[in-house]
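# Residue-level structure breakdown
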Amino acid sequence: MTEGFEIRRHDAAGRLGEFSIPGRETTVRTPALMPVVNPHLDSIPPGELDAFGAQLLITNGYIVYTSDEYRDRARSEGIHEVLGFDGPIVTDSGSFQLSEYGSVDVSNEEILEFQAAIGADVVTPLDVPTPPDVPRERAADDLAVTTERIERAADLDLGDALVNAPVQGSTFPDLREQSGAVAAASGLDVAPVGAVVPLLREYRYATVIETVLAAKRGLGPAMPVHLFGAGHPMMFALAAAVGCDLFDSAAYARYARDDRYLTVRATTPLDELRELPCSCPVCVDTDPTTLRDADSDRRERALARHNLHVSLEEMRRVRQAIHRGRLLELVETRARGHPAVLDGYRRLLDASAALEAHDPVSKDTFFYCSAESARRPEVTRHHDRLERLDPPDSLVLVDEAVAGVETSDAATVWPIRPPFGPVPTDLRDTYPLTAELPERRDRDALQAAVAGIERLDPPPERVVHDGWPEAVLADCPGLVESAD
């Protein structure tokens, strides 16, 4: 495990961690959100960020490097003094400008050494961010440059600064996995998954999840993972569930400049609001009409503060959900609010077997919240357990919704509990079989139950159900009969 990063608890691939940074007295609790600070645009002065609960921030080292106003002062006083922020500061290298404008006027070594010289706590090589959906040859060539720059960063003396090892590879999973393996082998400290901002802007959350899954296959479990540019709170829980530990948000300020109001479900133009559905200090002290009538600077500052409160509140909610073992239930709640999050969650559940490897065997009560709950790693684990059992002879399986089924004295009766399937007597009081389930079962839960029945060897003698659809029962082993 990366020195200074300790994982305290898992939930799916999400993890509660403690990230210690040399030279700082505080330990960052992860998952954590880093507000993006542009020293030329201070809708919220950095010195006030700790009052919002921000543990660390990120700023663009290249902007400071090219700024006549800040470059020399940052060298002489340090970036913490310039920004007025005592917590850890992460700096980017100008890769965003490279992606937007095609070039930057600095070398990889120069920008790394500048970031270290101004006292940044985590510094970043000048990686090449490859856009989505480019030809494979371009993605591979760009990745070769990024790899060489990561290797060079590992050889430089950058003092106490931690160093990012960016993961690139566009939308090619094998290249992302390859890049993750390079980052893991580099000996560097943090793995930012880069060049996903275009995907996030287009709400291609399923592709983002595929990208992170591929990167994590190469990275392994040791390094903290930063999802670059992931700033909308609607997807924090989803990204945490796939294993991201650090996030950065310029959205809070960018949306404020456009008179847009953030919630965990959507971004709403201020003109469309008749109420402020939030209890942050900004919203309890004003109303939409007052905000609309304010001058542009005051309005922007107020919206930026609200947006940041909402974003950091959601990150705290994510950490608490992991602590309680309820992260996937939070993801399901968010997935009900936006189709793109639902797409991302469904892609995440395609990797349920991989999630199960990290998921604790016991957590707080399993809540079945939607059809997607039938594909959660807890269900996958129970089905795997069923396959390892030696079922008794003359086994009868009875839907738990059915009462009074007659069986022979020699028969062993196990209940069927959708979506888990058969519930062996010795396991009935164990997690997740103590789940809270709706009385009205959906087809996905019933199909998952049948998948569990199919894992038994030898198969049951009888399966008694409560009027399940024929399409669900088509592949069910044993003598199938309805209680009706």
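Thresholds applied
- Residues numbered from 1 in each chain as written.
- Predicted model: local features only at pLDDT ≥ 70, side-chain atom pairs only at ≥ 80, totals over all residues.
- Heavy atoms only, no water.
- Core = buried A, V, L, I, M, F, W, Y, C linked by side-chain atoms within 4.5 Å.
- Buried < 20%, exposed > 50% of the residue type's maximum accessible area, 1.4 Å probe, protein only.
- Helix = DSSP H or I, 4+ residues; strand = E, 2+ residues; numbered from the N terminus.
- Contact = heavy atoms within 4.5 Å.
- UniProt positions renumbered as here; feature names shortened; annotations may be inferred.
- Phe/Tyr/Trp six-rings, centres within 6.5 Å; stacked < 30°, edge-to-face > 60°.
- Pairing = 2+ DSSP bridges.
- Axes fitted to C-alpha atoms, helices over the stretch in contact; angles between N-to-C directions.
- Parallel < 35°, antiparallel > 145°, perpendicular 65-115°, else oblique.
- Left-handed = near helix turned anticlockwise from the far one by under 90°.
- Nonpolar A, V, L, I, M, F, W, Y, C, P; charged D, E, K, R; others polar.
- Domains from an automatic or database assignment.
- Buried area = accessible area lost by both parts, 1.4 Å probe.
- Salt bridge = Lys/Arg side-chain N within 4 Å of Asp/Glu carboxyl O.
- Polar contact = N/O pair within 3.5 Å; in protein donor to acceptor, adjacent residues only side chain to side chain.

With that settled, the discussion passes to the nonpolar core. Counting residues in hydrophobic clusters, the biggest one holds 104 residues, and the most contacted among them are Leu227, Met235, Phe247 and Leu348. Top element by residues in this core is helix α14 (residues 296–324). It accounts for 10 residues. Every residue in contact with Leu348, bar those within four places of it in the chain, is listed here: Ile209, Leu238, Ala241, Val242, Leu328 and Leu355.

A word on the UniProt feature "binding site: Zn(2+)" (unreviewed entry) in the chain. Within this structure's numbering, the places UniProt gives as "binding site: Zn(2+)" (unreviewed entry) are Cys278, Cys280 and Cys283. Of note, Cys278 is situated in the loop between β13 (267–269) and α12 (281–284). Within the secondary structure, Cys283 is located in helix α12.

Our next topic: the packing of aromatic side chains. Each aromatic ring pair is specified by the distance between its two centres and by the angle formed by the two planes. In total, this model carries five aromatic pairs according to the counting rule given. The interplanar angle of 90° and the centroid separation of 6.1 Å between the aromatic rings of Phe5 and Phe19 together place this pair among those described as edge-to-face. A residue pair is termed long-range when its members are at least 10 positions apart, and Phe5 in strand β1 (residues 5–11) and Phe19 in strand β2 (residues 14–20) qualify at 14 residues. What makes Phe5 buried here is its relative accessible area of 1%. Since its relative accessible area comes to 2%, Phe19 is described here as buried. Relative to Phe420, the ring of Phe366 has its centre 5.3 Å away and its plane inclined at 70°; by these criteria the two rings are edge-to-face.

Summarising burial for strand β14 (residues 395–399): five of the five residues are buried, a large majority. Taking every second residue as pointing to the same face, both faces of β14 are buried, with Leu395, Leu397 and Asp399 on one and Val396 and Val398 on the other. Bridge analysis of β14 against strand β15 (residues 412–417) gives five bridges, and the strand direction is parallel. Following the sheet pairing, Leu397 is matched in β15 by Trp414. In this structure, β14 lies alongside strand β17 (residues 462–465), joined through three bridges in parallel fashion. Pairing of Leu397 across the sheet is with Val463, part of β17.

As summarised here, the arrangement of the three strands in space is β1-β2-β3, forming an open sheet in which the pairing is antiparallel. The two strands at the open ends of the sheet, each matched to only one other strand, are β1 and β3 (27–30). Pairwise comparison of adjacent strand axes, ignoring direction, gives a mean angle of 10° for this sheet. Two elements, β2 and β3, share four bridges in a ladder whose sense is antiparallel. Across the sheet, Phe19 pairs through a bridge with Val28, a residue of β3.

With that out of the way, let us pick up unusual backbone geometry. The omega angle of the peptide bond from Thr30 to Pro31 is 0°, so this bond is cis rather than trans. Residue Tyr431 is joined to Pro432 through a cis peptide bond whose omega torsion reads 5°. Phi at Asp133 takes a positive value of approximately 65°, unusual for a residue other than glycine. Inspection of the secondary structure assignment puts Asp133 in the loop between β7 (122–123) and α6 (136–155). Of the residues examined, Asp133 reaches a relative accessible area of 51% and is grouped as exposed. A positive phi angle is found at Tyr203, which is not glycine, with a value near 60°. By the secondary structure assignment, Tyr203 is in the loop between α8 (197–201) and α9 (205–219).

Orientation of helix α7 (residues 173–185) relative to α9, taken along the N-to-C sense of each, is 40°, at an axis distance of 6 Å. The orientation of α7 relative to α9 falls into the category oblique. Between α7 and α9 the crossing geometry is right-handed. Facing Pro173, Arg176, Glu177, Gly180, Ala181, Ala183 and Ala184 of α7, the residues of α9 in contact are Glu210, Thr211, Ala214, Ala215, Arg217, Gly218 and Leu219. Class assignment for the residues of the contact of α7 with α9 results in seven nonpolar, three polar and four charged.

All right, on to the domain arrangement of the chain then. Domain boundaries in the chain define domain 1 (5–355) and domain 2 (371–474). Relative to domain 2, the C-alpha centre of domain 1 lies at a distance of 43 Å. Counting the surface lost from both domain 1 and domain 2, the interface buries some 880 Å², and carbon and sulfur atoms represent 44% of this. By the criterion of area lost to domain 2, the three top residues of domain 1 are Glu332, Leu349 and Ser352, representing 43% of everything that side buries. For the interface between domain 1 and domain 2, the tally reads four salt bridges. Along the contact surface separating domain 1 from domain 2 lie six residue pairs in polar contact (both at pLDDT 80 or more). Secondary-structure elements contributing two or more residues to the side of domain 1 that touches domain 2 are α15 (327–335), α16 (339–350) and α17 (352–356). In terms of residue count, α16 provides more of the side of domain 1 that touches domain 2 than any other element does, five residues in total. Broken down by class, the residue content of the side of domain 1 that touches domain 2 amounts to six nonpolar, one polar and five charged.

Taken in spatial order, the five strands line up as β16-β15-β14-β17-β18 in an open sheet, and their pairing is mixed. Each edge of the sheet is formed by a strand with only one pairing partner; in this case those strands are β16 (421–422) and β18 (479–482). Direction of pairing for β17 relative to β18: parallel, over a ladder of four bridges. Across the sheet, residue His465 finds its bridge partner in β18, namely Ser482.

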